[in-house]
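# Close look at the chain arrangement
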Amino acid sequence: MGCSGCSSGRGCSTGASGVPKGCNNNGACGTGGCNKLNVFDWLSNMELPQGQAAFDIVEIRFKNSRKEYFKNVNNLLLHQGDVVAVEGSSGHDIGTVSLTGELVKLQLKKRNIKIDSAEIKKIYRKAKQQDIDKWLEAQQLEKPTMERARTLAIHFKLEMKISDVEYQGDKSKAVFYYTADDRVDFRELIKKYAEEFKVRIEMKQIGYRQEASRLGGIGSCGRELCCSTWLTDFRTVNTSAARYQQLSLNPQKLAGQCGKLKCCLNYELDTYLDAIKHFPSNDVKLQSEKGFAVHQKTDIFNAIMWFTYEGQYDNFIPIPVARVKEIIELNKQGKFPAEFVTKQQAAPKVVEPDYENVVGQDSLTRFDKSRKQNKNKHRNNKNRNNNRNRNKQRPHNNQAQN
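Report follows, based on the coordinates. (Residues numbered from 1 in each chain as written. Predicted model: local features only at pLDDT ≥ 70, side-chain atom pairs only at ≥ 80, totals over all residues. Heavy atoms only, no water.)

## Some points on the overall build of the protein
A tally of regular secondary structure across the protein gives 10 helices and 12 strands. A total of 402 residues make up the protein; the buried ones form 34% of that total. In the protein, of all internal contacts separated by at least 6 residues, the share reaching a separation of at least 24 is 60%. (Helix = DSSP H or I, 4+ residues; strand = E, 2+ residues; numbered from the N terminus. Buried < 20%, exposed > 50% of the residue type's maximum accessible area, 1.4 Å probe, protein only. Contact = heavy atoms within 4.5 Å.)

This is the structure:
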């Protein structure tokens, strides 16, 4: 069956010609298919000790990143990728097995779900061909349903966005995922949906980060979004994370596709915080015989702090951190140096790499230069050919004169 729960609705199941649909990876996908938030089962090749039964709770994946846990009450032999029919709300749903065995215990603990919780429903059976056909029919209805749902929401003038639609496997229920800034009264909208689509309607509000996680995409780094591939928890990201890393507070650069601050701002924050502990406070003022100097910026990698004299804010003075600490101690003792840094204590100049513009990719006239060079080569070749022809003709002219 393959990964048929992709958000594109195409899946990777093979067609009549035997060629895989969807991404056409021919079975060589390096990420485990279109499955999002994969968990590598490193215990899959290990046998259980004698007398120990396999863990009876299985992780089932539905559309996009939605995963739930079900109890294998019938002791079915299940493997990753098996399509199963599970208990749904007043009906049954169809999903794909994404994880089995002992690692499911860790996932339950991570999500704070107890083994004997009432949230854990039952697995009915392995899906039959009739179940799969009905499931695929439901998936084909999702895109036109979402387009029509958005049109109706605009008609009712509701400040909301229908971001995704998911049908239950038996086509008896549809879940509409939406985002909104404020509370929305969609009671009339639900009635219209039920009348239009002839199914039970459930509206589920999600955040903008959850929306990006469900739909996926490519980030500014050129890779798939972290929230749709491996990131399972959304921690708060503050602008202080950018300040600690000496980043400019530019919303266009710091915001991700969800419109919120990028989650990757937290990845290296702890390392920056540990490095800043050895730096003096930014509020400190240095005093020399010329006057007071205030802090402007910090180069954490090179351990350099930049100061400017009061009233001379265009003249930046780079001072190593060790020298800044020394000046602070001198000021506490009432001593004021003549200069903040001497020639021996001056911060080393940062040498720009000579390979930065090696092919002229930063020049706006780089193509014009190549054209001029080609023209010059063409002229030189033409002149050489003319000279050769003249030299060949000279002996004949001399013989004719003789």
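We are not done yet, so read on.
## Details of the packing of aromatic side chains
Tallying each qualifying case throughout the model produces eight aromatic pairs. Geometrically, the ring pair formed by Phe176 and Tyr193 is stacked, given 4.8 Å between the ring centres and 20° between the ring planes. Remark: Tyr193 occurs in helix H3 (residues 187–197) and Phe176 occurs in strand S7 (residues 173–179); sequence separation between them is 17 residues. Relative accessible area serves as the criterion here: at 0%, Phe176 is assigned to the buried category. By relative accessible area, Tyr193 is classed as buried at 0%. Arranged with centres 5.3 Å apart and planes meeting at 25°, the rings of Tyr309 and Phe340 form a pair that is stacked. Of the two residues, Tyr309 sits in strand S11 (residues 304–309) while Phe340 sits in the loop between helix H9 (321–332) and helix H10 (366–401), which places them 31 residues apart along the sequence. Accessibility assignment for this pair places Tyr309 and Phe340 in one class, buried. In this structure an aromatic cluster arises from ring pairing among Phe176, Tyr193 and Phe197. (Phe/Tyr/Trp six-rings, centres within 6.5 Å; stacked < 30°, edge-to-face > 60°.)

## Things to note about the sheet that holds S7
Across a sheet, strands are paired by hydrogen bonds formed along the backbone, either parallel or antiparallel in direction. With respect to topology, three strands assemble into an open sheet ordered S6-S7-S8, the strand pairing being mixed. Pairing within the sheet leaves two strands with one partner each, and these edge strands are strand S6 (161–167) and strand S8 (200–205). On average, each strand axis in the sheet is inclined to that of its neighbour by 25°, with strand direction left out of account. Sheet contacts for H3: S6, S7 and S8; angle to S8, the most-contacted strand, approximately 135°. The sheet contacts of helix H4 (residues 208–215) involve S6 and S7, and relative to S6 the element is tilted by about 50°. (Pairing = 2+ DSSP bridges. Axes fitted to C-alpha atoms, helices over the stretch in contact; angles between N-to-C directions.)

## Regarding the pairing of S11
Here S11 lies mainly inside the structure; five of its six residues are buried. As defined by bridge partners, strand S10 (residues 291–299) adjoins S11 across six bridges and the pair is classed as antiparallel. Of the residues in S11, the one forming a bridge with His295 is Phe307. With antiparallel pairing between neighbouring strands as the criterion, S10 and S11 make up a hairpin whose turn holds four residues, including Ala303 at a positive phi of roughly 55°. One ladder, built from four bridges, connects S11 with strand S12 (residues 317–320); its direction is antiparallel. What sits directly across from Ile304, in S12, is Pro320.

## Points about the packing of helix H2 (residues 129–155) against H3
For any two helices packed against each other, one specifies the crossing angle of their axes together with the interaxial distance. Where H2 contacts H3, the axes come no closer than 11 Å and their chain directions differ by 145°. The handedness of the crossing between H2 and H3 comes out as right-handed. Residues Thr145, Arg148, Ala149, Arg150, Leu152 and Ala153 of H2 touch H3, and the partners they reach there are Leu189, Lys192, Tyr193, Glu196 and Phe197. Its residues placed into classes, the contact of H2 with H3 shows six nonpolar, one polar and four charged. (Left-handed = near helix turned anticlockwise from the far one by under 90°. Nonpolar A, V, L, I, M, F, W, Y, C, P; charged D, E, K, R; others polar.)

## With respect to the pattern of salt bridges
Under the defined criterion, the tally for this structure stands at 20 salt bridges. Of the charged contacts in the structure, one is a salt bridge between Glu166 and Arg66, with a shortest N-O distance of 2.7 Å. With Glu166 in strand S6 and Arg66 in the loop between strand S1 (57–61) and strand S2 (67–71), this residue pair connects regions lying 100 residues apart in the sequence. Summarising the burial analysis for this pair, Glu166 and Arg66 share the class buried. Each of Lys63, Arg66, Glu68, Asp93, Glu142, Asp164, Glu166 and Arg214 takes part in a single network of salt bridges with overlapping partners. (Salt bridge = Lys/Arg side-chain N within 4 Å of Asp/Glu carboxyl O.)

## Notes on unusual backbone geometry
Despite not being glycine, Asn112 has its phi angle at roughly 60°, a positive value. Structurally, the position occupied by Asn112 is in the loop between helix H1 (103–110) and strand S5 (121–126). By relative accessible area, Asn112 is classed as exposed at 71%. Phi angles above zero are rare outside glycine, and Ala303 is one such case at about 55°.

## Focus on the environment of Leu108
Summarising the element assignment, Leu108 is placed in helix H1. Using a relative accessible area of 1% as the deciding quantity, one classes Leu108 as buried. C-alpha of Leu108 to C-alpha of Glu59: the two residues are 49 residues apart in sequence and 9.4 Å apart in space. Ignoring anything within four residues of it in the chain, the contact list for Leu108 reads Phe55, Ile57, Tyr69, Ile113 and Ile115.

## Observations concerning H9
Between its first and last C-alpha atoms H9 spans 17 Å; for 12 residues at 1.5 Å apiece the expected length is 16 Å, and the two agree. Taken residue by residue, H9 has Val321, Arg323, Val324, Ile327, Ile328 and Asn331 as its buried positions. Angular distribution of buried residues about the axis of H9 spans 155°; they occupy a single face of the element. What points out from H9, more than 90 degrees from its buried face, is the exposed set Ala322 and Lys332. (Expected span 1.5 Å × (residues − 1). Arc of directions from axis to C-beta.)

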